[in-house]
Amino acid sequence: MERPRKLNLPERFTGHELHAIASRFKDQLTRSMRGEQTDLGMFNSQLPSNLCHQEPPDGQALVVEVGGTNVYAAQYTFCKGKPSLKTHQSIPLESRTFDSAEDFYNSIITPLGKVITSYHPDRLGIVYSFPGQSIPARDTIGVDMISDQSLSKGFIIPGIDEVPVGEALKKAMHSRYMLPLSTPSVVMNDTVAVLFADQAQIGGVVGTGFNLAVAMSNGVFNTEAGQFRDIPLSEELQIFDGRSNNPGQRLAEKYISGLYLGGLFTWMQGEETMQKLMKRYGATDPTQVMSELLVDRDFKLPDFVVNAFSTAKMLRDRSAQLVGAIISGTILAFPKEFTQPIVHIPIEGSLFWKMPGYREEVERVISVYSGKQIQFPEIKDAGRVGAARAALLI
């Protein structure tokens, strides 16, 4: 993607802009809950919200996670409500484009055989990090999901919407590894899984992608917050978005997520400068370069590094501010659900936890615009733990 010849770096969002973003997101949430058409998905997970606050029975759960840069499988044993990780395996997903849904599912389970074949679990939890409509499972006890054909994070999988995710994945695992088709299972979005990990009212992912889930009295909903578009676009994002494979779509995700943030940073720097930056910091990806720039204390930085630092700081600040405004809008949309002065929000994602200053900026914005004190519990493998917990509770 060709770099623009000259762009003036935008500033941080103003207080007026952040207030407006929070208000507009709040409005879209409340309208979506009434069944009106908005940018947001508001997919009902089909999991009752009271399950979030229950302890799971003792048992074993197999968790399979798909939809990010890696595919993952793990075995969890729960005893007296406490999870214990028995074995796990993570494999990079080499492609984002597949010939068919069958090709996609086989590419997932083939490298994970060491974990999948080692035992037959009591329950199966599937974390599916793409948009989809949850439905009661057709083949056994549990919850399944009809995937959207239009996927996030640049994935292309023809026919992914034709057969429910859990049903198709279990058939593939049964064919290859003899996993019983009768295994009760639950398919959930990654944000819903993160929410279940901490028995919380809001859960989110701020990493390769961006999304939030919210627990209401009438259920647990995947908001598809990355689809939110009613935000002010800076000049560089307008150009970058126009050259993407889905112009005008998923603007919040393009402003926030590590996948797009790294791409935007690379585009603004140019390939030659990025090569020099990656060599300087021994980095393997653009977001790692951004993190290194933000903590570089060398007082004799060359000009190209100084300029890159300014860009990295601007992109980090605006990304974190936008996350804070969107979470604020979520809290403000449902005052009867958020009555306590302290709100616990589990978040999963390396962008949120590893980029210097990111979490602190999100927390500052939420405090200002929602009036709530925020606590972000750091839970290792939150989505996987939450998926295992939910699977044992169905």
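This text goes with the structure placed above it.
Residues numbered from 1 in each chain as written. Predicted model: local features only at pLDDT ≥ 70, side-chain atom pairs only at ≥ 80, totals over all residues. Heavy atoms only, no water.

Remarks on the environment of Ala 61
With respect to the helices and strands, Ala 61 occurs in strand β2 (residues 59-66). The exposure class assigned to Ala 61 is buried, which follows from its relative accessible area of 0%. Ala 61 has contacts with Ala 74, Gln 75, Tyr 76, Tyr 119, Pro 121, Arg 123, Ala 388 and Leu 392, leaving out every residue within four places of it along the chain. (Helix = DSSP H or I, 4+ residues; strand = E, 2+ residues; numbered from the N terminus. Buried < 20%, exposed > 50% of the residue type's maximum accessible area, 1.4 Å probe, protein only. Contact = heavy atoms within 4.5 Å.)

Concerning the nonpolar core
In terms of nonpolar packing, the biggest core is built from 65 residues, with Ile 256, Phe 265, Ile 326 and Tyr 358 touching the most fellow members. Sequence-distant contacts of Ile 256, defined by excluding residues within four places in its chain, comprise Val 206, Phe 210, Leu 261, Ser 319, Leu 322, Val 323, Ile 326, Leu 351 and Tyr 358. Judged by nonpolar contacts, the second largest core, of 33 residues, contains Phe 104, Tyr 105, Ile 126 and Met 145. (Core = buried A, V, L, I, M, F, W, Y, C linked by side-chain atoms within 4.5 Å.)

A closer look at the sheet that holds strand β5 (residues 123-128)
If you walk across this open sheet you meet the 7 strands as β4-β3-β2-β5-β8-β7-β6, and the pairing is mixed. The open sheet has two free edges, formed respectively by β4 (82-92) and β6 (132-136), since each of these has just one partner strand. The sheet shows a mean angle of 20° between the axes of neighbouring strands, taken without regard to direction. When β6 meets strand β7 (residues 142-147), the two strands line up antiparallel, connected through 5 bridges. Within β7, the residue paired with Ile 135 across the bridge is Asp 144. (Pairing = 2+ DSSP bridges. Axes fitted to C-alpha atoms, helices over the stretch in contact; angles between N-to-C directions.)

Overview of the packing of aromatic side chains
This structure, assessed with the given rule, holds 10 aromatic pairs. An angle of 70° between the planes, with centres 5.2 Å apart, marks the rings of Phe 98 and Phe 104 as edge-to-face. Overall, the relative accessible area of 1% leaves Phe 104 in the buried class. Centre to centre, the rings of Tyr 128 and Phe 130 are 5.2 Å apart; their planes meet at 75°, and the pair counts as edge-to-face. Pair check on accessibility: Tyr 128 and Phe 130 agree, each one buried. Here the aromatic cluster, defined as three or more aromatic residues joined through ring pairs, consists of Phe 352, Trp 353, Tyr 358 and Phe 376. Positioned above the aromatic ring of Phe 304, the side-chain terminus of Lys 276 is 4.4 Å from the ring centre. Residue placement shows Arg 318 over the ring face of Phe 13; its charged tip is 4.2 Å from the ring centre. (Phe/Tyr/Trp six-rings, centres within 6.5 Å; stacked < 30°, edge-to-face > 60°. Lys NZ or Arg CZ within 6 Å of the ring centre and 35° of its normal.)

Side note on the pattern of salt bridges
The final tally for this structure, using the stated rule, is 21 salt bridges. The partner of Glu 65 in a salt bridge is Arg 384, and the shortest N-O contact between them spans 2.6 Å. With Glu 65 in strand β2 and Arg 384 in helix α14 (residues 382-393), this residue pair connects regions lying 319 residues apart in the sequence. Each of the two residues, Glu 65 as well as Arg 384, counts as buried. (Salt bridge = Lys/Arg side-chain N within 4 Å of Asp/Glu carboxyl O.)

Remarks on the side chain of Ser 234
Relative to the assigned elements, Ser 234 resides in the loop between β11 (219-222) and α6 (235-242). Of note is the side chain of Ser 234, whose polar atom sits 3.2 Å from the side chain of Tyr 255. (Polar contact = N/O pair within 3.5 Å; in protein donor to acceptor, adjacent residues only side chain to side chain.)

A short note on the environment of Phe 104
Among the secondary structure elements, Phe 104 is positioned in helix α2 (residues 101-109). Sequence spacing of Phe 104 and Ile 160 is 56 residues, and the spatial spacing of their C-alpha atoms is 8.6 Å. Sequence-distant contacts of Phe 104, that is, excluding residues within four places in its chain, are made with Val 66, Phe 98, Tyr 128, Phe 130, Ile 157 and Ile 160.

So, the pairing of β2
Where burial is concerned, most of β2 is hidden: 7 out of the 8 residues are buried. From the end of β2 to the start of strand β3 (residues 70-79), which pair antiparallel, there are 3 residues, and Gly 67 there has a positive phi angle of about 120°. Alignment of β2 against β5, held across 6 bridges, turns out to be parallel. Counted as the bridge partner of Val 64 is Ile 126 from β5.

With respect to α6
What α6 keeps buried is the set Glu 236, Leu 237, Phe 240 and Asp 241. Down the axis of α6, the buried set is contained in an arc of 125°. They therefore lie on one face. Its buried side turned inward, α6 meets α7 (251-256), α8 (258-269) and α11 (303-333). (Arc of directions from axis to C-beta.)

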